[in-house]
Amino acid sequence: MIIRLMTIEDYEKVYQLWLSCSGMGLNNLDDSKDGIAKYLDRNPDTCFVAEKSDEIIGVIISGHDGRRGFIYHTAVKPEYRNQGIAKMLVEAAMDALKANGINKVALVVFDRNKDGNAFWEKVGFSVREDLVYRNKTISELIRIDT
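Criteria and thresholds
- Residue positions are given per chain, counting from 1 as you read along its sequence in written order.
- Totals for whole chains, interfaces and linings use every residue, but because this is a predicted model, local features are given only for residues with pLDDT of at least 70 and side-chain atom pairs only at 80 or more, for both listing and counting.
- Excluding hydrogens and water, the side-chain values take into account all heavy atoms of the structure.
- Note on conventions: DSSP H or I runs of at least 4 residues are helices, E runs of at least 2 residues are strands, and numbering of each starts at the N terminus.
- The size measure is the radius of gyration over C-alpha atoms, and the globule rule it meets is 2.2 Å times the number of residues to the 0.38 power.
- Per-residue accessibility, obtained with a 1.4 Å probe over protein chains only, is compared with the maximum for each type, and a residue is labelled buried under 20%, exposed over 50%, and partly exposed between these values.
- The criterion used for residue contact is that any of the two residues' heavy atoms lie within 4.5 Å.
- Per-residue and other accessible areas were derived by the Shrake-Rupley procedure at a 1.4 Å probe size, with only the shown protein chains allowed to occlude residues.
- Within this scheme the basic residues Lys and Arg register as positive and the acidic residues Asp and Glu register as negative, but His and the chain ends are omitted.
- Charged side chains are reduced to one point each, which is NZ for Lys, CZ for Arg, CG for Asp and CD for Glu.
- The rule for pairing is simple: two strands pair if DSSP sees at least two bridges between them.
- In this analysis, axes come from line fits to C-alpha atoms, helices being fitted only over the stretch in contact, and the angle between any two N-to-C directions falls in the range 0 to 180 degrees.
- What counts as a salt bridge is simple: a side-chain nitrogen of Lys or Arg found within 4 Å of a carboxyl oxygen of Asp or Glu.

Chemist: It is not clear to me how the overall build of the protein chain should be interpreted in this structure. Could you clarify?
Modeler: In terms of helices and strands, the protein chain carries four helices and seven strands. Relative to a compact globule of 146 residues, whose C-alpha radius of gyration would be 15 Å, the protein chain shows 15 Å and is just as compact. Within the span of the protein chain, comprising 146 residues, buried residues form 38% of the whole. Taking all contacts inside the protein chain whose residues are at least 6 apart in sequence as the whole, residues at least 24 apart take part in 67%. Taken as a whole, the protein chain presents about 9300 Å² of accessible surface, with 50% of it coming from carbon and sulfur. In the protein chain, the 20 positive side-chain charges and the 22 negative ones have mean positions that sit 5 Å from each other.

Chemist: How do you make sense of unusual backbone geometry when you look at a structure like this?
Modeler: Negative phi is the rule for most residues except glycine; trans is the rule for most peptide bonds. Even without being glycine, Asp54 reaches a positive phi, approximately 65 degrees. A residue is classified by how much of its surface remains accessible, and Asp54, at 61% relative accessible area, is exposed.

Chemist: Please explain the sheet that holds strand β3 (residues 48-52) as it appears in this structure.
Modeler: Backbone hydrogen bonds hold the strands of a sheet together, and the pairing may be parallel or antiparallel. Spatially, β1-β3-β4-β5-β6 is the arrangement adopted by the five strands of the open sheet, whose pairing is mixed. Bordering the open sheet on either side are β1 (2-5) and β6 (105-107), each of which pairs with just one other strand. Adjacent strand axes in the sheet meet at a mean angle of 30 degrees when their direction is disregarded. Lying on the sheet, helix α2 (residues 33-42) is in contact with β4 (55-64) and β5 (69-76); it crosses β4 at an angle near 60 degrees. Each of β1, β3, β4, β5 and β6 is contacted by helix α3 (residues 85-99), which is oriented at about 30 degrees to β4, the strand it contacts most.

Chemist: I tried to follow the pairing of β5 on my own but got confused; where do I start?
Modeler: On a regular strand, one side chain projects to one face of the sheet and the next to the other, so that they alternate. Counting buried positions along β5 gives six out of eight residues, so the element sits mostly inside the fold. Examined bridge by bridge, β4 and β5 share six bridges and lie antiparallel to one another. By the bridge assignment, Ile61 is partnered in β5 with Tyr72. What sits between the antiparallel neighbours β4 and β5 is a turn of four residues, in which Gly66 has the positive phi angle 95 degrees. Note: β5 against β6, three bridges, orientation parallel. Note on β6: the bridge partner recorded for Gly69 is Val105.

Chemist: Quick question: what am I supposed to make of the pattern of salt bridges here?
Modeler: Close approach of charged atoms lets side chains of opposite charge pair. In this structure the tally under the stated criterion is six salt bridges. For Arg4, the salt bridge goes to Asp10, with nearest N and O atoms at 2.7 Å. Here Arg4 falls in the partly exposed class, since its relative accessible area comes to 22%. Members of the salt-bridge network, linked through shared partners, are Arg4, Asp10 and Glu51.

The analysis is restricted to geometry; functional conclusions fall outside its scope.
Next up, the structure:
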């Protein structure tokens, strides 16, 4: 298995991987091929896939705004979990963000995603009880929950 930079050519396999993982919160705009292409153009060296025998078995989407790093849609195919793949993806992303001068990383996990929350706690991400997460939709999104 290798960890390598994600390219837009990986999109179809990555999207199918996301669909195979319960707890993912996708949408029709940001997670479309065009949406991911824009993200990769802006963050060409911070998104990674885990690949084994030409099969994408894991992915992490990460990037930054120049001040803070963000992680999205980290997933490993269910049959490959508990082998350290997600941890390796997180380490690759964190190293890439640090190389870009980023000192702090944030992410959002649905409360109902028990496995995801347990993983992020295990790799050292803490819950911020002092924050209220807010957002406002600019363009109508269609949610795709897995």
